[in-house]
Amino acid sequence: MWKLGTLWFSLRKELALAWAMLREPGAPMASKLAILAAALYVLSPVDLVSDLLPVLGWIDDGVVAVLLLRLAARWMPGELHAALKDRVTRRSAR
């Protein structure tokens, strides 16, 4: 059960980082578009694997979202990404 808690904590942290990247005026537009594409893919009823297949559909959504979020992070300038990550980490420690 503790692995689910760890997964949930990591997911919350990644979502907070994605939100910070979206709100950052200095973030490249390509990063912001990748984050929006990840959100739209997860919310969209059109998927590579249908969500009617309970586990496979959810895994599909998760994998595509993670890949798009990593792509967004790769397109961010290194120092800006590190600063945003540090800000999110400090906020979640409160």
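Predicted model only: the values in this text are computed from it and were never measured. (Residues numbered from 1 in each chain as written. Predicted model: local features only at pLDDT ≥ 70, side-chain atom pairs only at ≥ 80, totals over all residues. Heavy atoms only, no water.)

What follows covers the side chain of Asp-60. Note on placement: Asp-60 falls in helix H3 (residues 54-75). The contact partners of Asp-60, leaving out residues within four places of it in the chain, are Tyr-41, Asp-47, Leu-48 and Val-49. (Helix = DSSP H or I, 4+ residues; strand = E, 2+ residues; numbered from the N terminus. Contact = heavy atoms within 4.5 Å.)

With that settled, the discussion passes to the nonpolar core. Generally speaking, nonpolar side chains in soluble globular proteins are found buried as a group. Among the nonpolar cores identified, the biggest contains 12 residues, and these are Leu-17, Ala-18, Ala-20, Met-21, Ala-27, Ala-34, Ile-35, Ala-72, Met-76, Leu-80, Leu-84 and Val-88. Elements that contribute at least two residues to this core include exactly helix H1 (2-23), helix H2 (29-43) and helix H4 (78-93). (Core = buried A, V, L, I, M, F, W, Y, C linked by side-chain atoms within 4.5 Å. Buried < 20%, exposed > 50% of the residue type's maximum accessible area, 1.4 Å probe, protein only.)

Structurally, Asp-61 is set in helix H3. Despite its burial, Asp-61 remains without a salt bridge, the nearest opposite charge being carried by Arg-70 at 17 Å. Residues contacting Asp-61, with those up to four places away along its chain left out, are Tyr-41, Val-42, Asp-47 and Asp-51. (Lys, Arg positive; Asp, Glu negative; His and termini not counted. Salt bridge = Lys/Arg side-chain N within 4 Å of Asp/Glu carboxyl O.)

What follows covers the layout of surface pockets. There is about 790 Å³ of room inside the largest pocket. Together, 27 residues line the largest pocket, and Leu-11, Glu-14, Leu-15, Ala-65 and Leu-69 are the ones closest to its centre. Examining the composition of the lining of the largest pocket, we find that 12 residues originate from one element, H1, more than from any other. The class makeup of the residues in the lining of the largest pocket is 20 nonpolar, three polar and four charged. Around the second largest pocket sit Phe-9, Arg-12, Lys-13, Ala-16, Trp-19, Ala-20, Arg-23, Glu-24, Arg-87, Val-88, Arg-91 and Ser-92, which together line it. Elements with a contribution of two residues or more to the lining of the second largest pocket: H1 and H4. Considering each element in turn, the lining of the second largest pocket owes the most residues, seven residues, to H1. Class assignment for the residues of the lining of the second largest pocket results in five nonpolar, one polar and six charged. (1 Å grid on protein atoms, 1.4 Å probe; cavity = no way out; pocket = protein on both sides within 12 Å on 5 of 7 lines; lining within 4 Å. Points joined across faces, edges and corners; volume = space filled by probe spheres on them. Nonpolar A, V, L, I, M, F, W, Y, C, P; charged D, E, K, R; others polar.)

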